[in-house]
Every structure is written in structure tokens, then in C-alpha cells.
Amino acid sequence: AAITDEDTSLANRRDEFREEGVFINNLKSDNKNLKDISGRFSALSVTGLLPAMIAELDAIAAREGAAAVLDQTLAAKNPANSHPAVGAALNMAFHRHRQAGTTVVMPYSDQLAPFGLWFRQLWAESLGKDGKGTTPIRALGSVDQHSQLQLYLAGPPDKFYTFITTDCAGTGQVIRPARSLHAEL
């Protein structure tokens, strides 16, 4: 797989490489070319989403979801009505006023484990500059809920926490005992 700009020799020969795939970096938004996206913003570019596309995930849905969150955030008349703005403000307030130098993201879903890793990488590279920023830690609820929570609950109060859950109540298999344990006692 290759990613190139329009009107390059590779783009002009992309039919020769159809099986491997040549992707043209021609994203546009409000008629502005977005091909020069870099850094933390590149996660939603063709380059950033190519692994998702190769894994047959819906990259368009990812971009539309991100756009919907951005639109809702920018449209909020009051920042208190914007969940992302409230989360960012709380994080900064804990950092500045309570010396919370660590940001813990703890998804309680194994399916969100890669999100925690991505968040950690994105947070560190975006905010860890010029002696500023908080240290991101990724924890996974199903794995770290005992050992890490012990530290988080009984250790120093120098962390800001974000717990992420999914709406999964009632979706798993119900396991019932074959017979009553009391009957055997």
C-alpha cells in the first residue's frame, strides 16, 4: 500500500498497482485541501486511517464521528454544555491547582485497549513540550483494576482519571449453574 498526492508519477500509475493499493491523499474540508495535515491531526488523514482501512474498519465512520464531536463542541453556546470542553477544563484545573501531573485513561472494555495506547501516544506527543504537559498513563480496567486501582485509590492524589465504559449491560451470555450448590451440601 502506498499513499501519494495527486498528479505524482505514482498516482498516475496507480492502475498498475491496483492489487497492492495506492491511496491518493486528497482530503478536503470546506473546499480546503487537507493533504498537509501533520502531527496529532494526522490520525484522521488518509495516512492515519490506512491501517484501519486495511483492517476493513469503517474509516469514513471514524472521520464522521470525529467531525460530529467537533461540530457539537464548537456549536455549544456554553462550554459547560460540551463534554469535551468540560473534560479538558477539568484536566487543566487538576493539573494547575492540584498538581495532578499524571493523566490516567482507563477503559473498562478490552475492545478499547488500543484506544488507551493511542491516547497515551497522542497525549504525550501533543502536550509534552517546552516543559509542559501531564504524563499519560494507559490502564485497562479488566487487567489493572486491582493493582493499579490500589495505587490510584490509596496512593498520592497527583493524578487525573478518565474512566471509559461501554453500554454492554445485558449483551453477554448468561451463565447459570446446572444445579444448585446447596443441594449437594
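Up top is the structure.
Basis of the calculations
- Residues numbered from 1 in each chain as written.
- Predicted model: local features only at pLDDT ≥ 70, side-chain atom pairs only at ≥ 80, totals over all residues.
- Heavy atoms only, no water.
- Helix = DSSP H or I, 4+ residues; strand = E, 2+ residues; numbered from the N terminus.
- Buried < 20%, exposed > 50% of the residue type's maximum accessible area, 1.4 Å probe, protein only.
- Contact = heavy atoms within 4.5 Å.
- Areas by Shrake-Rupley, 256 points an atom, 1.4 Å probe, with all protein chains shown as cover.
- Polar contact = N/O pair within 3.5 Å; in protein donor to acceptor, adjacent residues only side chain to side chain.
- Pairing = 2+ DSSP bridges.
- Axes fitted to C-alpha atoms, helices over the stretch in contact; angles between N-to-C directions.
- Expected span 1.5 Å × (residues − 1).
- Phe/Tyr/Trp six-rings, centres within 6.5 Å; stacked < 30°, edge-to-face > 60°.

The next thing to look at is the overall build of the chain. Scanning the chain from N- to C-terminus turns up eight helices and seven strands. Burial status across the chain gives 21% buried among its 185 residues. Within the chain, contacts between residues separated by at least 24 positions form 52% of all contacts whose residues are at least 6 apart in sequence. With the model as given, the accessible surface of the chain reaches about 13800 Å², and the carbon-plus-sulfur share is 55%.

Turning to the side chain of Ser126, a few remarks are in order. When you line up the elements, Ser126 lands in helix α5 (residues 113-127). Assessed through its relative accessible area of 12%, Ser126 is described here as buried. Among the polar contacts made by the side chain of Ser126, one reaches the main-chain carbonyl oxygen of Leu122 at a distance of 2.8 Å.

Moving on to the sheet that holds strand β7 (residues 159-164). On the basis of which strands lie adjacent, the open sheet formed by three strands has the order β6-β5-β7 and parallel pairing. This sheet does not close on itself; its edge strands, each paired only once, are β6 (135-138) and β7. Across the sheet, the axes of successive neighbouring strands diverge by a mean angle of 20°, strand direction being ignored. Alignment of strand β5 (residues 102-107) against β7, held across six bridges, turns out to be parallel. Residue pairing for β7: Pro107 is matched across the bridge by Ile164.

Here the focus is helix α2 (residues 46-54). What α2 keeps buried is the set Val46, Leu49, Leu50 and Ala52. Within two residues after α2, Glu56 carries a phi angle of roughly 65°, on the positive side.

In this structure, Glu56 is a non-glycine residue whose phi angle is positive, near 65°. If you trace the backbone, Glu56 turns up in the loop between α2 and α3 (59-75). Residues other than glycine seldom take positive phi values, yet Asp130 does so here, at roughly 55°. With respect to the helices and strands, the residue Asp130 is situated in the loop between α5 and β6. The class of Asp130 is exposed, set by a relative accessible area of 76%.

Spanning 17 residues, α3 covers 24 Å between terminal C-alpha atoms, matching the ideal 24 Å at 1.5 Å per step. Residue Asp58 occupies the N-cap position of α3, its side-chain oxygen lying 3.2 Å from the main-chain nitrogen of Ile60.

Our focus in this paragraph is the packing of aromatic side chains. Scanning the entire structure with this criterion turns up six aromatic pairs. Ring centres of Phe115 and Trp118 lie 5.8 Å apart, and the angle between their planes is 45°; this geometry places the pair in the tilted category. Of the two residues, Phe115 and Trp118 both sit in helix α5, three residues apart, roughly one turn of that helix. What makes Phe115 partly exposed here is its relative accessible area of 32%. A relative accessible area of 38% means that Trp118 is categorised as partly exposed.

Everything listed here is a matter of coordinates, which is why it stays silent on function.
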